[in-house]
Amino acid sequence: MTIRPDDDRALEAALARLPRSVDPPRDLWPGIAARVEDRPGRSGLRWPWAAAAAVVLVVASSAITASLVRRAGTPVAAGPVAEAPVPGTASTAFGPGHTLDPAYDAARRNLVDELSRRIDRMPPSARQRLEANLGELRRASSEINGLLAERPGDPLLEELLLATYQDELAVLANASQITAAADLRAVADETEKRIPL
Amino acid sequence: MTRMLRPAFVRAPSAVAALAYAAAAFAAASPAVAASIDQRSAADPAGRIEVANTAGSVTVTGWPRNEVEVTGELGEGSERLEFTTQGKLTRIRVVLPKRSYGVDETRLVVKVPSGSGLSVNTISADIAVEGVRGGQRLQSVSGNVRTATAAQDVEIKSVSGDVEVTGSGARSLVTLTTVSGDATLANVAGEVNANTVSGNLAITMTDVARSRVRSTSGDLGLRGRLAADARLDLESISGDIRLDIAGPVGAEFEVSTFNGDIRNCFGPKPVRTDEYAPGSELRFQEGSGSAQVRIKTLNGDISVCNK
């Protein structure tokens, strides 16, 4: 039997706008392994797409966390809420010298909007833990970025940083999807939203 | 659920009225009796069962009948229990009103044909599954998830709830995602893809084929026997990683940490990766070297042993 992800159209639409060139870490193994072997003579990596995607994810999670902080006292089963404002600027990087591609701005806004609405339906304790763990992910990415500034091109740091950004996206997407799947006020009439098994 | 209904005489100044109001308020605050659930329907022996409940609990048990039975208590304030069967799909949902504040917990006890595939979604309700041989997809925001699995795939997602999976020892795919919840996987085999931010993961595998386990700050522990062609990746930012391999070992090991310590029971010692940095790495082959094990951390310590 194959388990497929939920058909969450809005979230998937946002995710679909993210770059196709950010592959799972498993596909990066050969290149990373080669760089490890070739460490003394290596030059800096060029991952513009990965860096841009990473920046999008960090900004998205920052916005979500900001909305969490502002809404800490919201009741568990509150009705629909206003969308969280999206920060207008982003300042993060994938190592030194990479910046966000403007093409990701629209995708970021959609992702943030979708997640902001759903997170309000989570129990406060779970929301607080989610907030704390998003902070943990940001601290991790910040720490690795700091180390990368000192050791640009380090394959271990680059791999861990990319994995951290991917984890951050996964956490945001999963939190949104799990909450939506069990929210039975909204889905009662949506008979097409089914989980294929 | 507590519903404070404001009586019409609330503004009456008399002591009698005040007493009457207090009595009414006390009565309103008393626990309401939940509505009993007792429903059943014929079902396909290998159909799909979807269960959704916001708060309370969901207990699903596989049984040898081609029938789905739902019992339990519907929490006060819930709109209704939706229980439908259409073709191979049986759907059980606790539907809440559009504006639902303080709805009581609902307890669902569901019996399903043991060959069913199962999907359960909750917000804070705990999930317990036993005796279901089909694939399982279990998701909860803050409820704990406990399941016994067979040879089919299992996917579990949780934000803050803890997870406990007991496998059958047969190969399958277990996909696990938690944010802060701890997870224990026992007697699983085949492929495990597990990811957590701060939860601790303890995994016991009878047979490791291809598995990838990651954390940000949670500790990772994996004990198991490596298949000849196993591919095992363990990765953490600041969590510690412990790998205990059972039985004969034929694998290439690639272990690296930026700022942690490496302990290796197989003999070879880690080497510094850079004269001016704290990182160290360890590469060695044991036995045939046909399997591959990669372990990486930023700050976490790593232990690799044969036990």
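Residue positions are given per chain, counted from 1 along the sequence in the order it is written. Chain letters start at A and ligand numbers start at 1, both assigned in the order the entries are written. In keeping with the model being predicted, local features are shown solely for residues with a pLDDT of at least 70 and side-chain atom pairs are shown and tallied solely at 80 or more, while totals for entire chains, interfaces and linings include all residues.

**Section: the overall build of chain A**
- Across its full length, chain A holds six helices and zero strands.
- Exposure in this text rests on C-beta crowding, where 20 or more other C-beta atoms within 10 Å of a residue's own make it buried, 12 or fewer make it exposed, and counts in between make it partly exposed. The C-beta atoms are placed from the backbone. The 197 residues of chain A split such that 45% are buried. Helical segments are the DSSP runs of H or I of at least four residues, strand segments are the runs of E of at least two, and each set is numbered from the N terminus.

**A look at the overall build of chain B**
- In terms of regular secondary structure, chain B is built from one helix and 24 strands.
- Within the span of chain B, comprising 307 residues, buried residues form 48% of the whole.
- In this description, any two residues whose backbone-derived C-beta atoms lie within 7 Å of each other are considered to be in contact. For chain B, the share of sequence-separated contacts (at least 6 apart) that also reach a separation of at least 24 residues comes to 45%.

**What to know about the domain arrangement of chain B**
- What marks off one domain from the next here is an automatic or database domain assignment. Taken domain by domain, chain B comprises domain 1 (36–132) and domain 2 (149–307).
- Once you take the C-alpha centre of each, domain 1 of chain B and domain 2 of chain B turn out to be 35 Å apart.

**Things to note about the environment of B:Ser160**
- Residue position: B:Ser160 is located in the loop between strand E12 (154–158) and strand E13 (163–166).
- We classify B:Ser160 as buried; it has 27 C-beta atoms within 10 Å.
- Sequence separation of B:Ser160 and B:Gly224 is 64 residues, and the distance between their C-alpha atoms is 27 Å.
- Dropping the residues within four chain positions of it, B:Ser160 is found in contact with A:Ser125, A:Ala126, A:Arg129, B:Ser142, B:Val179, B:Ser180 and B:Gly181.

**Notes on the nonpolar core**
- To define a nonpolar core, we join buried Ala, Val, Leu, Ile, Met, Phe, Trp, Tyr and Cys residues through C-beta atoms within 7 Å and take the resulting set. Of all hydrophobic cores here, the largest spans 99 residues; its most connected members are B:Val51 and B:Val60.
- The element best represented in this core is helix H6 (residues 155–182) of chain A, accounting for 16 residues.
- Three or more residues apiece are contributed to this core by two domains, here domain 1 (36–132) and domain 2 (149–307) of chain B.
- Discounting residues that sit within four places of it in the chain, B:Val60 has contacts with B:Val51, B:Val110, B:Val112, B:Leu118, B:Val120, B:Val129 and B:Val132.

**Side note on the pairing of strand E5 (residues 80–86) of chain B**
Residues and elements named next belong to chain B.
- Being paired, for any two strands, means DSSP has found at least two bridges between them. The sheet contact formed by E5 and strand E6 (residues 89–95) spans seven bridges and is antiparallel. Counted as the bridge partner of Glu82 is Arg93 from E6.
- The turn linking E5 back onto E6 is made up of two residues, and Gly87 within it adopts a positive phi angle of 65°.

**Looking at H6(A)**
- Working rule for helices: expected span equals 1.5 Å times residues minus one. Given a rise of 1.5 Å per residue, 28 residues ought to cover 40 Å, and the 40 Å separating the end C-alpha atoms of H6(A) matches this to within 8%.
- Counting buried residues along H6(A), 26 of its 28 residues qualify, which places the element largely inside the surrounding structure.

**Focus on the packing of helix H5 (residues 124–150) of chain A against H6(A)**
All names here are of chain A.
- Between the N-to-C directions of two axes lies an angle of 0 to 180 degrees, each axis being a line fitted to C-alpha atoms and, for a helix, fitted only over the stretch in contact. Where H5 meets H6, the closest approach of the two axes is 9 Å, and the angle between their N-to-C directions is 160°. Compared by their axis directions, H5 and H6 come out roughly antiparallel. As for how H5 packs across H6, the hand of that crossing is left-handed. Where H5 approaches H6, its residues Leu130, Asn133, Leu134, Leu137, Ala140, Ser141, Ile144, Asn145, Leu147 and Leu148 are matched on the opposing element by Leu157, Glu158, Leu160, Leu161, Thr164, Tyr165, Asp167, Glu168, Val171 and Ala175.
- Three categories are distinguished: nonpolar for Ala, Val, Leu, Ile, Met, Phe, Trp, Tyr, Cys and Pro, charged for Asp, Glu, Lys and Arg, and polar for the others, with Gly belonging to the last. Considering only residue class, the contact of H5 with H6 consists of 13 nonpolar, four polar and three charged. When describing relative orientation, an angle under 35 degrees is termed roughly parallel and one over 145 degrees roughly antiparallel, while 65 to 115 degrees is termed roughly perpendicular and anything else oblique. The hand of a helix crossing depends on one turn: near helix anticlockwise from the far one by less than a right angle means left-handed, and clockwise means right-handed.

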